[in-house]
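A structural walkthrough
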Amino acid sequence: MKCSYLSIALSLVLATAVYAAPVFDGTTENLKPTSENNKIITVTDADNKKNNVEVLDVNKYFDFKYKKNKEGKITGFEFNQQKMNEMLKDIAPLKVGTMMAFQKDSKHMVLMSENQRFIFIGQLYDVFNGMRKISTVDEVRNYAMRLNYEQMGIDPDEMNSVSIGHGKDKVVIWVAPTSPYTKKIMEEAIALVQSEEGERYTFYFVVIPADTAESFDLTKRFMCAREEGNSKIGNLLLEDALDTLPKGDCPLSKAFEKTFVYKSLSDVDLVPFIVAPDGRVSRGMPGPNLKLFLLDDKPSKGLDVTDGEQKKLKVELEDQIVDKALDNEIDNLNQNTDYDVLSKTPTSFEDKQRESERAIADLKAQYAPKIQKYKDKLASENLTYSSAAQRVRDARNALSDNTRMDYAEKSRRIQEYEGRIQALDEKHNRKVDDYNKSIERLQKELQSRIDELTQRLDN
């Protein structure tokens, strides 16, 4: 199963590599081999200049065969599934976190893992830019840190989206229906479209669920209404009124499936997640506003999304994996027959009572570490939240007391801090609620098991 899944995932990535290539004419006349696995192609950059670029020869390295039409242009590909499965037979995960790129010299780059344990020396290729070879830190900034949807063959209109404007420059904004920033970013986009300088843009709002059941429900309602051709979904999204739509009982659409595939490929980890026409990304609300971000020529950091916050996202993912493992353990426990004391025949009431007490004690011993784990998580979350929230509040208060800073700039930054405090509060409340529910669920399961066992023995 794992091999099959990885095969599909790798196929999808390589498919992206094929279609991402080339703002180039699609022919193979200008291909020149440079090494065993690389080739040179001539591409047209955004400024319409022709450049020779070194890329990985995907079809040669992965045993691909391109499909071409009569004019010699690439229209598709096919691959050797058996060879791919053989390649994926022996795999091992390598946890590296965020990679850091260092320039060793003019032609060589070194990559270091986030935990500084691993160093990678070799060749780096960008799937989203036609397997372009990345050799310098500048190329990491200009290509690897950007999302060129057009070059990747990704049409935002084919995702779970709604658009405003009719310009030729496409701006893709990933939003969640329950996020307080969705309305704010949509209002900024609407204001920009209505201005003279904003006529060049079309804004696509791609709707994805956050980590709550309510958010998924609203996203599904949006999807079904979109499939039915409901022209009001944009206004309903803007006014936070998707709950007025009918329940999302329709089957998952192709647009919905594509949305989740491209969400993963784009590494959307925060909303709003904004992709400018030139591929620059803003994770979170762009500062100071959407208009200046689109006119800027440097990637925006949004609301100061730090490595610390990225680490928190990673920890949350690990927590979900642990929680799933705990659920599996409890399922196994529920199927365990070791505590079925009726399969044994006690010779006396005292024997039966001792048997019952031992079984109950064993049950409590099995559940205790699971319950304690969530209690520890709850205590840790309270401590982490208190410290993080206090730091942000201290920074906000210090900024408020600053009489030398420009008033407009100070107001903008204070607003950003307020937004961060609100986000911290919402996230903390969700996690506390989830942990309390998990503790309550485990306690109820334990008591139910004890009651069932006691009842059976009494009978």
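To keep things clear, this report deals only with the structure shown in the data block. Keep in mind the model is a prediction, meaning the values are calculated, not measured. (Residues numbered from 1 in each chain as written. Predicted model: local features only at pLDDT ≥ 70, side-chain atom pairs only at ≥ 80, totals over all residues. Heavy atoms only, no water.)

Points about the overall build of the protein
Definition in use: Only DSSP runs of H or I covering at least 4 residues are called helices, and only runs of E covering at least 2 are called strands; the numbering of each starts at the N terminus. Remark: exposure states derive from per-residue accessible area (1.4 Å probe, protein chains only) relative to the maximum for the residue type, with buried under 20%, exposed over 50%, and partly exposed in between. By definition in these notes, contact holds between two residues if any of their heavy atoms fall within 4.5 Å. All accessibility values rest on the Shrake-Rupley procedure with a 1.4 Å probe; residue burial counts only the protein chains present in the view.
Along the protein, the regular secondary structure elements total 13 helices and 15 strands. Taken across its 459 residues, the protein has 39% of its residues classed as buried. Partitioning the contacts of the protein with sequence separation of at least 6, the portion at a separation of at least 24 is 63%. When the accessible surface of the protein is totalled, it reaches about 27,300 Å², and 50% of it is carbon and sulfur.

A short note on the packing of aromatic side chains
For the record, the criterion: Between rings of Phe, Tyr and Trp, where Trp is taken as its six-membered ring, a pair exists when centres lie within 6.5 Å; planes separated by under 30 degrees are stacked, by over 60 edge-to-face, and by other angles tilted. Over a ring means this: the NZ of a Lys or the CZ of an Arg is within 6 Å of the ring centre and within 35 degrees of the ring normal.
Taken as a whole, this structure holds four aromatic pairs when the rule is applied. Between Y201 and F203, the aromatic rings sit 5.8 Å apart at their centres with planes inclined by 50°, giving tilted as the arrangement. The exposure class of Y201 is buried, given its relative accessible area of 3%. Three or more aromatic residues joined by ring pairs make a cluster, and in this case those are F216, F256 and F260. Between R280 and the ring centre of F293, over which it is positioned, the NZ or CZ distance is 4.9 Å.

Section: helix 4 (residues 137-144)
Convention followed: In this description, the arc belongs to the directions extending from the helix axis to the C-beta atoms.
Of the positions making up helix 4, those classed as buried are V137, V140 and Y143. Along the axis of helix 4, the buried residues cluster in a sector spanning 145°; they form a single face. Tucked inside the fold, the buried residues of helix 4 contact strand 6 (100-103), strand 7 (109-112), strand 9 (124-126) and strand 10 (132-134).

A look at a nonpolar patch on the surface
Put simply, the rule reads: The patches reported here contain residues having more than 30% relative accessible area and no salt bridge. Joining distances are 9 Å for like charges and 5 Å for nonpolar side chains (Val, Leu, Ile, Met, Phe, Trp, Tyr). When a carboxyl oxygen of Asp or Glu is within 4 Å of a side-chain nitrogen of Lys or Arg, the pair counts as a salt bridge.
Taken together, the side chains of L94, M99 and F120 present a nonpolar region at the surface, about 240 Å² in accessible area. Locating M99 in the fold gives a position in the loop between helix 3 (81-87) and strand 6.

Observations regarding the state of the cysteines
Rules: In plain terms, two cysteine sulfur atoms within 2.5 Å form what is called a disulfide here.
The full count for this structure, using the stated rule, is one disulfide. Across the disulfide from C224 sits C250; the S-S distance is 2.0 Å. Disulfide C224-C250: torsion about the S-S bond near -95°, hence left-handed. Taken together, the residues C224 in helix 7 (residues 213-227) and C250 in the loop between helix 8 (233-238) and helix 9 (254-266) connect sequence positions 26 residues apart.

Topic: the pairing of strand 6
What counts is decided by this rule: Should DSSP find at least two bridges between two strands, the strands are taken to pair.
Bridge analysis of strand 6 against strand 7 gives four bridges, and the strand direction is antiparallel. Across the sheet, the residue bridging to Q103 is M109, located in strand 7. The turn joining strand 6 and strand 7, which pair antiparallel and follow one another in sequence, is formed by five residues.

Brief notes about the environment of S356
Of note, S356 is situated in helix 12 (residues 349-400). C-alpha of S356 to C-alpha of I450: the two residues are 94 residues apart in sequence and 9.4 Å apart in space.

Remarks on the nonpolar core
Stated precisely, the cut-off is as follows: The set of buried Ala, Val, Leu, Ile, Met, Phe, Trp, Tyr and Cys residues whose side-chain atoms join them within 4.5 Å is what this entry labels a nonpolar core.
Counting 29 residues, the largest nonpolar core has I173, I185, F203, F205, L237, L290 and L294 as the members making the most contacts within it. Sorting the residues of this core by element identifies strand 12 (169-175), helix 6 (181-193), strand 13 (201-207), helix 7, helix 8 and helix 10 (290-295) as the ones contributing at least two each. For this core, the leading source of residues is helix 6, giving five residues. When near neighbours in sequence (up to four residues on either side) are disregarded, F203 contacts V162, S163, I164, V171, I173, A189, L192, V193, L290 and L294.

Considering the sheet that holds strand 13
Note the threshold: To define axes, lines are fitted to C-alpha atoms, for helices over the stretch in contact only, and angles between the resulting N-to-C directions are given on a 0 to 180 degree scale.
The five strands are arranged 11-13-12-14-15 in an open sheet whose pairing can be described as mixed. Unpaired on one side and paired on the other, strand 11 (161-164) and strand 15 (281-283) mark the two borders of the sheet. Sheet twist, expressed as the average angle between the axes of neighbouring strands with direction ignored, equals 15°. Inspection of the sheet shows strand 12 paired to strand 14 (residues 273-275) by three bridges, in the antiparallel sense. Bridge pairing in strand 14 links I173 to I274. Its contacts with the sheet put helix 9 on strand 12, strand 13, strand 14 and strand 15, and the angle it makes with strand 12 is roughly 95°.

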